Amino acid sequence: MSTSEQLTEDAIWQALRQVMDPEIPVVSLVDLGVVRAVETDGAHVRVVMTPTFSGCPALHVMRALVEQKLQDLGAASVDVEMVLNPPWTSDDISPEGREKLRAFGLAPPPVHQGDQTIILQPQVTCPRCGSSRVTVKNTFGSTLCRAIYYCLDCQDAFEQFKPL
Amino acid sequence: MNEQLQQALMDRLVAMADDEVILGHRDSEWTGHAPILEEDIAIANIAQDELGHALIWYELAEPYTGNDADSMAFFRDARQFRNVQMVELPNGDWAFTMLRQYLFDAYEMALLTRLMTSQYAPLAEAAEKIRREEIYHFRHSSIWVERLGLGTEESHARMQRALDHLWPYALQLFRPMPLDAHLVEAGFFPDPDQLQTAWQDVVLPHLKNADLTPPDAEPIYAHRHHHTEHLVDLLADMQLVARSIPKAVW
């Protein structure tokens, strides 16, 4: 796109749907629910984002990817603002995002609406065979947002995106 | 906000950040050395979470300190840190590490729950965010207290030994900082005495259920600017790379 054309918010959202989570490359930042708002006057862009887990090392990568993507789109300047309020929850992951997680082999988090019983004892099904005969091996995993489970039917381990 | 309230707020934010960054560093020392693979992964995650929380507190303090998180963590000396002594003690065995984590997690849960209604909005927002992650830590360390307290004779003895050592240090968490009264009055921060009561209401029954008894010992009631010799060694290690190549980017 040439820089003389006016950017629209729709075009920006569409572009951000192509920016993938660096650690889960099938889910976009929009699917993940970390892009909160987008504003533009046609040239300058402001994006409001929120972190998933506060210590997530992918955060600065996400920020850089967003800036790069929108500059490529023709933005004269990109201002990414990080906010904590309201805090991100795994409920913010879109239904499409959940399906993509499952297809990727990551069991999606249950929708919990803040219910701690669901967060701490989630009903998890194996992303490969759909079995609910699974057992938790570790509530911490290979990244801050993952837990490790074992499927008694597949007889193999799988990861879950942790409810938060 | 008057000047004294600002100073009080900055002191508290830096103290909270320093507790997290030092505990996070101690936890990270287990990476590759934890007793089993699952725990190696878990403690590395917990360490990373604590660093994330330190980052949030340092950033909230930045308007008052004038320093970013990296400068605060890597370019201050031991006498400038405001963490409690408990978090700087060497890791000891797994019982010591897990019990320290438990005592600290319980403190953080009590603190964050109260900070969620702080009159200082940025503090309330951050507390709500951080508490969600701390739920996982608290459950993890709680289970270890039971597992080792009620495990074998050896695991129980180690856990009781750790409690005898750590209990007086844990009480330092509730020593008011010099300007705390301003924060309490403004509704920014909970009263440390009430915080201690809330903490004990959770911790004492849990320890009892795990067959562990806190010692009848005098609290280590040092000011937060007094440290053990261990902090100097810890910082030498933690700050080495940042100070060797101050402009490095990665």
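As a reminder, the structure under discussion sits directly above these lines.
This report concerns the structure included in the present document. (Residues numbered from 1 in each chain as written. Chains lettered and ligands numbered in written order. Predicted model: local features only at pLDDT ≥ 70, side-chain atom pairs only at ≥ 80, totals over all residues. Heavy atoms only, no water.)

Quick word on the overall build of chain A
Inference 1: Looking only at helices and strands, chain A has five helices and seven strands in total.
Inference 2: Starting at the N terminus and walking to the C terminus, you meet the elements of chain A as α-α-β-β-α-β-α-β-α-β-β-β.
Inference 3: Burial statistics for chain A: of 164 residues in total, 49% are counted as buried.
Inference 4: Here the contacts in chain A between residues at least 6 apart in sequence split such that 53% fall between residues at least 24 apart.
Inference 5: For chain A, the accessible surface area stands at approximately 7,600 Å², while carbon and sulfur atoms represent 49% of it.
Inference 6: One finds the centroid of the 13 positive side-chain charges in chain A at a distance of 9 Å from the centroid of its 20 negative side-chain charges. (Helix = DSSP H or I, 4+ residues; strand = E, 2+ residues; numbered from the N terminus. Buried < 20%, exposed > 50% of the residue type's maximum accessible area, 1.4 Å probe, protein only. Contact = heavy atoms within 4.5 Å. Areas by Shrake-Rupley, 256 points an atom, 1.4 Å probe, with all protein chains shown as cover. Lys, Arg positive; Asp, Glu negative; His and termini not counted. Charge placed at Lys NZ, Arg CZ, Asp CG, Glu CD.)

Comments concerning a negative patch on the surface
Residues and elements named next belong to chain B.
Inference 1: A cluster of acidic residues, Glu59, Glu62, Asp68 and Asp70, forms a negative patch at the surface.
Inference 2: Mapping Asp68 onto the fold places it in the loop between helix H2 (37-65) and helix H3 (69-74).
Inference 3: Note on Asp68: relative accessible area 37%, which makes it partly exposed. (Patch = residues over 30% accessible without salt bridge, like charges linked within 9 Å, V, L, I, M, F, W, Y side chains within 5 Å. Salt bridge = Lys/Arg side-chain N within 4 Å of Asp/Glu carboxyl O.)

What to know about the environment of Leu183 of chain B
All names here are of chain B.
Inference 1: Tracing the backbone through its elements, the reader meets Leu183 in helix H7 (residues 180-186).
Inference 2: With a relative accessible area of 2%, Leu183 lands in the buried category.
Inference 3: Taking the C-alpha atoms as reference points, Leu183 and Arg12, separated by 171 residues in sequence, lie 8.9 Å from one another.

A word on H2 of chain B
Inference 1: In a regular helix each residue adds 1.5 Å, so 29 residues correspond to 42 Å; H2 of chain B covers 40 Å between its end C-alpha atoms and thus fits that length.
Inference 2: Trailing H2 of chain B by a residue or two, Gly66 of chain B shows a phi angle of about 75°, which is positive. (Expected span 1.5 Å × (residues − 1).)

Topic: the pairing of strand S2 (residues 44-49) of chain A
The two faces of a sheet get side chains in turn, since along a regular strand they alternate between them.
All names here are of chain A.
Inference 1: Bridging between strand S1 (residues 35-40) and S2 involves five bridges; their strand directions are antiparallel. The partner of Ala37 across the bridge, within S2, is Val48.
Inference 2: In the classification by handedness, the crossover that spans S2, the intervening helix H3 (residues 59-73) and the parallel strand S3 (residues 77-82) is right-handed. (Pairing = 2+ DSSP bridges. Right-handed = clockwise from strand over helix to strand, strands pointing away.)

Here's the deal with the interface of chain B and chain A
One widely used convention gives an interface's size as the accessible area the parts lose upon coming together.
Inference 1: Taken residue by residue, the interface counts 22 residues in chain B and 25 residues in chain A.
Inference 2: Note on chain B versus chain A: buried area summed over both sides is about 2,200 Å², and carbon and sulfur give 60% of it.
Inference 3: Linking chain B with chain A are zero salt bridges, by the criterion used here.
Inference 4: In this structure, the connection of chain B to chain A is made through nine residue pairs in polar contact (both at pLDDT 80 or more). (Buried area = accessible area lost by both parts, 1.4 Å probe. Polar contact = N/O pair within 3.5 Å; in protein donor to acceptor, adjacent residues only side chain to side chain.)

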